Amino acid sequence: MSVIIVLLAFSLLIAVGFLIAYLWAVKDGQFDDKYTPSIRILFDNEKNKISHQAQNSELDKSNNDLSNQNSEFKKRSS
């Protein structure tokens, strides 16, 4: 009979732990935005494409700067 009391106390302890974790999550704002995470997966590739395009444009700019520097160096050396 004493085992039942120990098990009840242990189960109540676990339940209180989950309740505290849930209240902490609600207070932290993890359940505020229910809509965006379900849509974010649909547009995840768009962000990657945009970031790749931005990186490519930065690389093109740096390549243009290097080619301009090379042409200036060639003009000075000749």
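What counts and how
Residues numbered from 1 in each chain as written. Predicted model: local features only at pLDDT ≥ 70, side-chain atom pairs only at ≥ 80, totals over all residues. Heavy atoms only, no water. Helix = DSSP H or I, 4+ residues; strand = E, 2+ residues; numbered from the N terminus. Buried < 20%, exposed > 50% of the residue type's maximum accessible area, 1.4 Å probe, protein only. Expected span 1.5 Å × (residues − 1). pLDDT = per-residue confidence, 0-100. Phe/Tyr/Trp six-rings, centres within 6.5 Å; stacked < 30°, edge-to-face > 60°.

Trainee: For the overall build of the chain, give the residues involved together with the corresponding values.
Mentor: Looking only at helices and strands, the chain features three helices and zero strands. For the chain, the sequential pattern of α-helices and β-strands runs α-α-α. Buried positions account for 1% of the 78 residues belonging to the chain.

Trainee: Summarise helix 1 (residues 2-28); cite the residues concerned and give the values.
Mentor: Given a rise of 1.5 Å per residue, 27 residues ought to cover 39 Å, and the 39 Å separating the end C-alpha atoms of helix 1 matches this to within 8%. Looking one or two residues past helix 1, Gly-29 carries a phi angle of roughly 90 degrees, positive in sign.

Trainee: I'd love a proper account of the confidence of the model for the chain, names of residues and values included.
Mentor: Averaged over the chain, the pLDDT score is 84; the fraction of residues at 70 or greater is 90%. At the low end of the mean pLDDT range in the chain sits helix 3 (residues 44-77), at 75; at the high end sits helix 1, at 96.

Trainee: Run through the packing of aromatic side chains, naming residues and quoting values.
Mentor: Under the counting rule described, the total for this entry stands at one aromatic pair. Look at Tyr-22 and Phe-31: their rings are 5.9 Å apart centre to centre, the planes differ by 40 degrees, and that puts the pair in the tilted class. A relative accessible area of 47% places Tyr-22 in the partly exposed class. Residue classification places Phe-31 among the partly exposed residues on the basis of a relative accessible area of 44%.

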